[in-house]
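Breakdown of the fold
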Amino acid sequence: MTTLPIESQKTSQIRFTLNGEETDVCFAPYKTLLEVLREDLGHTGTKHGCELGECGACAVLLDGKPVLSCLVLAVDCSGRQVLTVEGLGEDGNLHPLQDAFADLGAAQCGYCTPAILVTAKALLDQNPHPSRDQIREAISGNLCRCTGYLQIFEAVEAAVLKIAAQKSTVT
Amino acid sequence: MTPVGARKANGDELRVIGVPRRRVDARAKVTGQTRFADDIFLPRMAHSKLLRSPHPHARIRKIDTSRAAAHPGVYLVLQALCVDRVRHVGDPVAAVIAREELTAFEALDLIDVEYEILTTISSSEEALRTPEPRIHEYGEEGNIHKLVALEFGNVEEGFAEADEIFEDTFFFQGNTHLAIEQHAAVAIKDPDGKLTIWSSTQTPHYLHRALAKVLEMPAAHIRVIATPNGGGFGGKSDPFNHEIVVAKAALMLDRPVKICLTREEVFYCHRGRHPVLMKFKTGVKKDGAITGMHLQTLIDGGAYGSYGVASTFYAGALQTTTYHIPRYRYQGCRTFTNKPPCGPKRGHGTPQPRFGQEVQLDKIAERLKMDPADLRLRIAESSNALTANFFRLGTVNLAECIRRVVKVSGWKEKFRKFPEGRGVGLACSAYLTGAGLPIYWNKMPHSGVQLKFDRSGGVSIFCGATEIGQGSDDVLAGIVAEVLGIDTFDVRLFTGDTDLGPVDLGSYSSRVTLMAGNAALQAAERGRAILRDAVAEKLEVPKERLRFAERRVFDSAAPEKGVTFQEAVCLAEARFGTIGTVGSYTPPLYKGGGVGPLRPIPIPPPLLKWK
Ligand code: FES
Ligand code: FES
């Protein structure tokens, strides 16, 4: 038997929480979280535009904080919590951010959208009533070539109102 | 839903078009389920990487791929992408196909290429000064790719009538699309031996033709599926070598082959906005009226043609569409240089001279002591005008647009009122909707739509149109739903697939809503006519009285009398057999007749002497 080239050897293994579910995965040790999510776990909702830490298209939440998954080694994610766009909705319903983005034209080609959604979620988890400038600041690392950002800001603001309304009916 | 009150020709309210609603593809996009080309993973899939030239211009003396081919994990090495030489940094020379992307990437280092460095031509001026070595054997002469010279009316007479002549030179430095999605493609040999390729292309039909030509296969045995593009902006309009590579490799290996370009490679693919050096000579009367304009452009095309012939025409075509220019002369010259090729980018060749023209207008306003907004208002071309170069403008209404901008922007209070270093400016632009001619000239429709009416009450749309974020799927669904009185959610779309849908030429030139939209409109109206006949017969109501709305077909005189849309389809199917309709769109030819001679003029030497 010939030896498998090193890059084909899935010699690393981690267990972590992906979108709330315990997940085991084996992968080649050099792989980034982005690559493992997309290639080894079939979670293709997270995108990439540079794999250099420039565009923000690969953002996911790692322990609740936005990170560029193209710059995170998957081996460093053992035991941690990862949230991707696939995990945003709950009970079969879209997250208010997703609804707002869909209704207000904040997703045009939709390529930057998954990363912006999770980044915005991290913001709202921290700060339920951000100002326009705080929203702008929070997603300043996410490039979007289609929208011109305005619809994105508006959608985040619409989601803020919706989440607040939901909370007040619950309490 | 709040209807905005727009009306159809028959007085009915529009219920879908113009009403704010969620796009048909929005849910997929906000859940990350839109399948872009690189999101496709297939069993046994191999990965490809391209070896790209490190030199701007070099002859390829020798390529030795034996070491790469012997590397563990490598399935195939393809040579002869650039056959004899490389013309820009990043021009592909060879391709490696391997089990892992990283293996393919590493094996690139094992390909030995011997280059003979050639003179680098790095600007248009240099291209004019350096006819040899020629970057391409085709083109006008030396390193000039394309010359365009057109005169409409006698421009010299116009200059003679002018009170003042303005001559200015401007340079626009070019830029690139930077769609966030990098180009990607996956090809497979179908189980029956034919070829299927998924690609982030804006122009599946042109790719289809290119593949048939390069692979020497009947186009009928090739299926191109344009995946939704993660932004295009023109940058994914050319058929690319990486698409040919994965197609060829998939056929040879009989396994799926994928490629996804790195961001660096996307910059090499480029096809971005051309750098343009331009000279404007404009004659004006004291009141600002333009008496004639002469525009010369020197266009840096980079290393390949792309759609550069069209870009060269476009760079001079639209100067007359904003302001009244009674006489107009255009000379364009596109050169080859050893840089990544330029091509179509939003506005395709027109924003560069638009910038020059608008800056010059500001200078004219300054000299004539006029407010720049007033000057523009005074010379704005009117709706339905026929321009000197035979464009029929349609509903431009530029003057009204300027008036409103001046009003809402607070122009009068702001212009020249800010402290040093800050200011407001006004510039106008216009663009045409769709090109009158396809890239290869023919008389067939530019867009076609097929509709299938199902007994379930659902309607399927088949069309070659390509979703690049602009909303083409939603446009098709909206038009069909509007005509048939159903919801866009009742519509299924099969688009961007050369096997499933009739040809649409592609998502470029702002053409899809006009052309695929009209094709959809025609197909939907034909379908509605069939359904109406069947329902009219059943309900014994004159068919003119039937309305289609809210998933019903009913008597407008007695709205409770009607059938559901689904029942209407069943009635029609029982009456006429399986229901399917088609629609198509071909741009009308303008029949100008006697407006004035179109006088081609020779290129005068001064252009070629530009430094
Ligand atoms: S892919 Fe661009 S920042 Fe990660
Ligand atoms: S929607 Fe296309 S990049 Fe943001």
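All values derive from a computational prediction rather than experimental measurement.

As a further point, take the environment of Gly 506 of chain B. Residues and elements named next belong to chain B. Inspection of the secondary structure puts Gly 506 in the loop between β18 (491-495) and α15 (512-539). Taking the C-alpha atoms as reference points, Gly 506 and Pro 438, 68 residues apart in sequence, are found 9.9 Å from one another. Discounting residues that sit within four places of it in the chain, Gly 506 has contacts with Gln 202, Thr 203, Arg 511 and Val 512.

Residues and elements named next belong to chain B. Put simply, helix α14 (residues 472-484) and α15 touch, their axes get as near as 9 Å, and they point 30° apart. By the angle between their axes, α14 is roughly parallel relative to α15. Considering how the two elements wind past one another, α14 and α15 form a crossing that is right-handed. Along the contact surface, α14 presents Ser 472, Val 475, Leu 476, Ile 479, Val 480, Val 483 and Leu 484, while α15 presents Val 512, Thr 513, Ala 516, Gly 517, Ala 520, Leu 521, Ala 524, Glu 525 and Arg 528.

Glancing now at the domain arrangement of chain B. Along its sequence, chain B is organised into domain 1 (38-118 + 178-269), domain 2 (124-176 + 272-433) and domain 3 (447-585). A separation of 42 Å is found between the C-alpha centroids of domain 2 of chain B and domain 3 of chain B.

Residues and elements named next belong to chain B. Within helix α9 (residues 308-317), 7 of the 10 residues are buried, leaving the element largely enclosed by the surrounding structure. Among all positions in α9, only Gly 308, Ser 311, Thr 312, Tyr 314, Ala 315, Gly 316 and Ala 317 are buried. Tucked inside the fold, the buried residues of α9 contact β7 (144-152), β14 (290-300), β15 (328-335) and α10 (351-367).

Right, let's get into the pairing of strand β9 (residues 184-189) of chain B. All names here are of chain B. For β9, the buried fraction is high: 5 of the 6 residues fall into the buried class. Bridging between β9 and strand β12 (residues 257-260) involves 4 bridges; their strand directions are antiparallel. By the bridge assignment for β12, Ala 187 is matched with Val 257. Strand direction decides the pairing type here: β9 and strand β10 (residues 195-199), joined by 5 bridges, are antiparallel. When the bridges of β10 are listed, Ile 188 appears paired with Thr 196.

Given 3.6 residues per turn, any residue in an α-helix points the same way as the ones three and four places further on. Here α15 of chain B is 28 residues long and its end C-alpha atoms lie 38 Å apart, about the 40 Å a rise of 1.5 Å per residue gives. Of the residues flanking the end of α15 of chain B, it is Glu 540 of chain B, one or two places downstream, whose phi is positive at about 55°.

To continue, consider the nonpolar core. One finds Leu 97 and Phe 101 of chain A to be the most contacted residues of the largest nonpolar core, which totals 41 residues. Sorting the residues of this core by element identifies α2 (96-103), α3 (113-126) and α5 (150-170) of chain A together with α1 (26-30) of chain B as the ones contributing at least two each. Val 459, Ala 516, Ala 520 and Leu 539 of chain B belong to the second-largest nonpolar core, a separate cluster that totals 38 residues.

We now examine the side chain of Asn 338 of chain B. Residues and elements named next belong to chain B. By secondary structure assignment, the location of Asn 338 is in the loop between β15 and α10. In terms of polar contacts, Asn 338 uses its side chain to reach the backbone carbonyl oxygen of Arg 87, at 3.0 Å. Ignoring sequence-local partners within four residues, the contact set of Asn 338 consists of Pro 56, His 57, Arg 87, His 88, Thr 119, Thr 120, Ile 121 and Ile 135.

Attention shifts here to the sheet that holds strand β19 (residues 546-549) of chain B. Residues and elements named next belong to chain B. Taken together, 3 strands build an open sheet; the order of strands is β19-β20-β21 and the sheet is antiparallel. With partners counted over all chains shown, the strands left at the sheet margins are β19 and β21 (558-564), one partner each. On average, each strand axis in the sheet is tilted by 35° relative to the strand beside it, whichever way the strands run. Where strand β20 (residues 552-555) and β21 come together, 4 bridges link them in antiparallel fashion. Directly across from Arg 552, in β21, lies its bridge partner Thr 564. Packed on one face of the sheet, α15 meets β19, β20 and β21 and runs near 125° to β19. In the packing of helix α16 (residues 565-576) onto the sheet, contacts are made with β19, β20 and β21, and the angle to β21 comes to roughly 60°.

Cut-off values and rules
- Residues numbered from 1 in each chain as written.
- Chains lettered and ligands numbered in written order.
- Predicted model: local features only at pLDDT ≥ 70, side-chain atom pairs only at ≥ 80, totals over all residues.
- Heavy atoms only, no water.
- Helix = DSSP H or I, 4+ residues; strand = E, 2+ residues; numbered from the N terminus.
- Contact = heavy atoms within 4.5 Å.
- Axes fitted to C-alpha atoms, helices over the stretch in contact; angles between N-to-C directions.
- Parallel < 35°, antiparallel > 145°, perpendicular 65-115°, else oblique.
- Left-handed = near helix turned anticlockwise from the far one by under 90°.
- Domains from an automatic or database assignment.
- Buried < 20%, exposed > 50% of the residue type's maximum accessible area, 1.4 Å probe, protein only.
- Pairing = 2+ DSSP bridges.
- Expected span 1.5 Å × (residues − 1).
- Core = buried A, V, L, I, M, F, W, Y, C linked by side-chain atoms within 4.5 Å.
- Polar contact = N/O pair within 3.5 Å; in protein donor to acceptor, adjacent residues only side chain to side chain.

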